[in-house]
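Here's the letter readout for the chains.
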Amino acid sequence: LSSNYLNGIDSDIDDEGLNALAAGMSNCHRLTRLALQSNGLINAGGSTLFQSERCHLKDLNLSFGNIDDEGAVALATGLPIINVLETLNLDHNSIGDDGAGALADRLIHLRSLKGLYLFNNSIGDLGLQALADGISNCSNLSNLCLSRNTSISVVGLRSLSALLSSDSCSLTGL
């Protein structure tokens, strides 16, 4: 693959297809952008995507992928390997508190992360608290999108206040 961008948007790629794609990507060190939005990604396929130390993804878009908590947990297991990741887009999925917690636990490894997009998921107060704790380690994170996570209440928003008032907070968009 000579291109740095793979566009698999709306290609009916499911977990099995993602596993096959991951096998082919293991030696593809030039790939920096992967767009797989609007596919049938649901569960464990995401964990195989980043098994290669040669993975240099900077932009990963898995929006509209039917990813639930189980899928987010599987995806999170591979995230520490791609420590150059700058943008992670998981908009329009079904990620809840457990999935957000799993992602938050891995954020410490994503020091290059600038944008985390979780628009229109199922994240509630517990997930937001976990994310706020994890984000405190992401000194480069400038954009965090949590809009349309309708289970977030004032209680959850309070968990962001310490982060937002911190000198280390680099968020410019929320």
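The rules behind the values
Residues numbered from 1 in each chain as written. Predicted model: local features only at pLDDT ≥ 70, side-chain atom pairs only at ≥ 80, totals over all residues. Heavy atoms only, no water. Helix = DSSP H or I, 4+ residues; strand = E, 2+ residues; numbered from the N terminus. Buried < 20%, exposed > 50% of the residue type's maximum accessible area, 1.4 Å probe, protein only. Contact = heavy atoms within 4.5 Å. Areas by Shrake-Rupley, 256 points an atom, 1.4 Å probe, with all protein chains shown as cover. Arc of directions from axis to C-beta. Salt bridge = Lys/Arg side-chain N within 4 Å of Asp/Glu carboxyl O. pLDDT = per-residue confidence, 0-100. Axes fitted to C-alpha atoms, helices over the stretch in contact; angles between N-to-C directions. Parallel < 35°, antiparallel > 145°, perpendicular 65-115°, else oblique. Nonpolar A, V, L, I, M, F, W, Y, C, P; charged D, E, K, R; others polar.

Draft legend 1. How the structure looks around the overall build of the protein. Counting secondary structure elements, the protein contains six helices and six strands. Along its sequence from the N terminus, the protein presents helices and strands in the succession β-α-β-α-β-α-β-α-β-α-β-α. When each of the 174 residues of the protein is scored for burial, the buried share is 45%. Counting only contacts in the protein whose residues sit at least 6 apart along the sequence, the fraction spanning at least 24 positions is 87%. When the accessible surface of the protein is split by element, carbon and sulfur atoms take 47% of a total near 8100 Å².

Draft legend 2. Local environment of helix H5 (residues 125-135). Taken together, the buried positions of H5 are occupied by Gly-127, Leu-128, Leu-131, Ala-132, Gly-134 and Ile-135. The buried residues of H5 occupy an angular sector of 165 degrees when the element is viewed end-on, so they sit on one face.

Draft legend 3. Fine view of the pattern of salt bridges. Applying the stated rule across the entire model yields one salt bridge. We note a salt bridge from Asp-59 to Arg-33, for which the minimum N-O separation is 3.5 Å. Taken together, the residues Asp-59 in strand S3 (residues 59-61) and Arg-33 in strand S2 (residues 33-35) connect sequence positions 26 residues apart. Judged by its relative accessible area of 37%, Arg-33 falls in the partly exposed class.

Draft legend 4. Molecular detail of the confidence of the model for the protein. In the predicted model, the protein carries a mean pLDDT of 84, and the fraction of residues at 70 or more is 84%. Of all the helices and strands in the protein, helix H2 (residues 45-48) carries the lowest mean pLDDT, 56, while strand S5 (residues 115-117) carries the highest, 97.

Draft legend 5. Seen up close, the environment of Phe-64. Tracing the backbone through its elements, the reader meets Phe-64 in the loop between S3 and helix H3 (69-78). For Phe-64, a relative accessible area of 44% gives the class partly exposed. Put simply, Phe-64 and Asp-91 are 27 residues apart on the chain and 6.5 Å apart in space, counted from C-alpha to C-alpha.

Draft legend 6. A look at the packing of H5 against helix H6 (residues 154-165). Between H5 and H6, whose axes approach to 8 Å, the crossing angle comes to 10 degrees. If you check the angle between H5 and H6, you find them roughly parallel. Residue-level contacts link Asp-125, Leu-128, Gln-129, Ala-132 and Ile-135 of H5 to Val-155, Gly-156, Leu-157, Ser-159, Leu-160 and Leu-163 of H6.

Draft legend 7. Representation of the environment of Asn-83. Secondary-structure assignment places Asn-83 in the loop between H3 and strand S4 (87-89). Asn-83 has contacts with His-109, Leu-110, Arg-111 and Ser-112, leaving out every residue within four places of it along the chain.

Draft legend 8. Broad picture of the packing of H3 against helix H4 (residues 97-106). Contact pair H3 / H4: the axes reach a minimum separation of 7 Å and the direction vectors enclose 10 degrees. Comparing their axes, H4 and H3 come out roughly parallel. For the pair formed by H3 and H4, the contact residues are Asp-69, Ala-72, Val-73, Ala-76 and Thr-77 on the first element and Asp-97, Asp-98, Gly-99, Ala-102, Leu-103 and Arg-106 on the second. Class assignment of the residues belonging to the contact of H3 with H4 gives a composition of five nonpolar, two polar and four charged.

Draft legend 9. Spotlight on unusual backbone geometry. Despite not being glycine, Asn-66 has its phi angle at roughly 60 degrees, a positive value. Structurally, Asn-66 is set in the loop between S3 and H3. Overall, the relative accessible area of 47% leaves Asn-66 in the partly exposed class. The backbone phi angle of Arg-148 is positive, close to 65 degrees, even though this residue is not glycine. Positionally, Arg-148 belongs in the loop between strand S6 (143-145) and H6. Overall, Arg-148 belongs to the exposed group, its relative accessible area being 54%.

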